[in-house]
Amino acid sequence: MLGYIIVGMYVLSALCSILTGSTSGAGSAVMDGALAAVSFGVSIAGAICLWSAVTELLERCGAAAALSRLLHPLLRRLFPRSSGDREAMSALSENVSANLLGLGNAATPAGIRAAKAMVRLGGDRAVRDELCTLVVLNTASIQLVPTTIASVRAAAGASSAFDIMPAVWISSALSVTAGLAAAALLKRLWR
């Protein structure tokens, strides 16, 4: 469906440029946009590679394991049913750690592994509630270092890409708190 929408937008744009007589302007805008998209994509890819390497270094030097141990008591409270499963807790810790570092791309595979491990534990209501909590925690994630946003800001020419950190800390803490509170409230209402 999305493909049809995009093709429709292209056809409509071409018709409008033909009817208004601005085909040369539309053509140069398309080429300028393509050049800007490639340039932006390359700069973002470089930043993602850098932060993925930092994550790999944290894992190899043991800092990721230390962060995982630090997060374990909190995750055990949020996910009591899954806390007995080593694979689920490892994936949950990795997911939350990646989100704390602002690496949304790196957090997704760990979140999927955690969800699969939770489903393997059983299909009762407690597991479904924990899956909902995982989705809320992954979506609203607290970010200590907003690396992806800072990379986008740097690619867009911001003079200080990380000056948004206090705002990110406050907004992400509020969003996680509101999401977890809503999940807890809805869990009680549905029972």
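Below you will find a few notes about this structure. (Residues numbered from 1 in each chain as written. Predicted model: local features only at pLDDT ≥ 70, side-chain atom pairs only at ≥ 80, totals over all residues. Heavy atoms only, no water.)

Attention now goes to helix H2 (residues 23-60). Across its 38 residues, H2 extends 55 Å between first and last C-alpha, which sits within 8% of the 56 Å expected from 1.5 Å per residue. At the C-terminal side of H2, Gly62 shows a positive phi close to 95 degrees. (Helix = DSSP H or I, 4+ residues; strand = E, 2+ residues; numbered from the N terminus. Expected span 1.5 Å × (residues − 1).)

Look at helix H3 (residues 63-78): 22 Å from first C-alpha to last across 16 residues, which is about the 22 Å you get at 1.5 Å a residue. Where H3 bends most, at His72, the angle is about 45 degrees, and the proline Pro73 comes one to four residues later. (Bend = angle between axes of the 7 residues up to and from the residue.)

Right, let's talk about a nonpolar patch on the surface for a bit. Among the surface-exposed residues, Met1, Leu2, Tyr4, Ile5, Ile6, Met9 and Tyr10 lie close enough to one another that they form a single nonpolar patch of about 900 Å² accessible area. By the element assignment, Ile6 lies in helix H1 (residues 2-20). Residue class for Ile6 comes out partly exposed when judged on its relative accessible area of 37%. (Patch = residues over 30% accessible without salt bridge, like charges linked within 9 Å, V, L, I, M, F, W, Y side chains within 5 Å. Areas by Shrake-Rupley, 256 points an atom, 1.4 Å probe, with all protein chains shown as cover. Salt bridge = Lys/Arg side-chain N within 4 Å of Asp/Glu carboxyl O. Buried < 20%, exposed > 50% of the residue type's maximum accessible area, 1.4 Å probe, protein only.)

Bringing the environment of Ile142 into the picture now. Relative to the helices and strands, Ile142 is located in the loop between helix H6 (125-140) and helix H7 (147-155). Sequence separation between Ile142 and Asn99 is 43 residues, and the spatial gap between their C-alpha atoms is 6.6 Å. Apart from the residues within four sequence positions on either side, Ile142 is in contact with Asn99, Leu100, Ser172, Ala173 and Val176. (Contact = heavy atoms within 4.5 Å.)

Attention now moves to the pattern of salt bridges. Side chains that differ in charge, positive against negative, can pair when their charged atoms come close. Applying the stated criterion across every chain, the model contains three salt bridges. Across the pair Arg113 and Glu94 runs a salt bridge whose closest N-O atoms are separated by 2.6 Å. Taken as a pair, Arg113 in helix H5 (residues 104-121) and Glu94 in helix H4 (residues 86-100) lie far apart in primary sequence, 19 residues in all. Given a relative accessible area of 32%, Glu94 falls into the partly exposed group. Between Arg153 and Asp163 there is a salt bridge, with the nearest N and O atoms lying 2.6 Å from each other. Placement of the pair is Arg153 in helix H7 and Asp163 in the loop between H7 and helix H8 (165-190), with a sequence separation of ten residues.

Following the sequence through the fold, Ser82 ends up in the loop between H3 and H4. Ser82 sits in the buried class, given a relative accessible area of 0%. Looking at Ser82, its side chain comes within polar contact range of the side chain of Glu130, at 2.5 Å. Excluding residues that lie within four positions of it along the chain, Ser82 makes contacts with Ala88, Met89, Met118, Leu121 and Glu130. (Polar contact = N/O pair within 3.5 Å; in protein donor to acceptor, adjacent residues only side chain to side chain.)

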